[in-house]
Amino acid sequence: MTLGQENHLNEILRDVRAKIDTKYRAGQAEHGGDLWERVPLIDDIMDEAVDQITYALTLKWQLERVKKLIDEARNSVNDNPVKAQKLLTRAISYL
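About the thresholds
- Residues numbered from 1 in each chain as written.
- Predicted model: local features only at pLDDT ≥ 70, side-chain atom pairs only at ≥ 80, totals over all residues.
- Heavy atoms only, no water.
- Salt bridge = Lys/Arg side-chain N within 4 Å of Asp/Glu carboxyl O.
- Helix = DSSP H or I, 4+ residues; strand = E, 2+ residues; numbered from the N terminus.
- Buried < 20%, exposed > 50% of the residue type's maximum accessible area, 1.4 Å probe, protein only.
- Axes fitted to C-alpha atoms, helices over the stretch in contact; angles between N-to-C directions.
- Parallel < 35°, antiparallel > 145°, perpendicular 65-115°, else oblique.
- Contact = heavy atoms within 4.5 Å.

Q: Give a detailed account of the pattern of salt bridges, specifying residues and quantitative values.
A: Summed over all chains, the structure comprises four salt bridges. We note a salt bridge from K67 to D71, for which the minimum N-O separation is 3.0 Å. With K67 and D71 both in helix α2 (residues 41–76) and four residues apart, this pair spans about one turn of that helix. The partly exposed category is assigned to D71, whose relative accessible area is 22%. Bridged by salt links that share partners, the residues K67, D71 and R74 form one connected network.

Q: Give me the packing of α2 against helix α3 (residues 81–93): which residues, what numbers.
A: Packing of α2 against α3 leaves a shortest axis separation of 10 Å and a crossing angle of 170 degrees. Viewed along their axes, α2 and α3 adopt a mutual orientation that is roughly antiparallel. Together, K67, I70, D71, A73 and R74 of α2 and Q85, L88, T89, A91 and I92 of α3 make up the contact between the two elements.

In structure tokens, the structure reads:
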């Protein structure tokens, strides 16, 4: 892998580790007990799945709104429209 890819992977791993640590500790503070003894976990998994799809659908809506706003900006730019269009096109490609 390239150095950029290694750096990206390390950033992801660092973020994931920090998020798991924070979430696990918050769960311990809220629920107590030992996670490996918690039964049945399926109810917890189902609740998390519902949260995840709700967040994903909301994020999709937010990104669609961002795209619409950027499209409106592209259509109304008067100063250096070539540069503005290139920047906006690049921004849209990340959505």
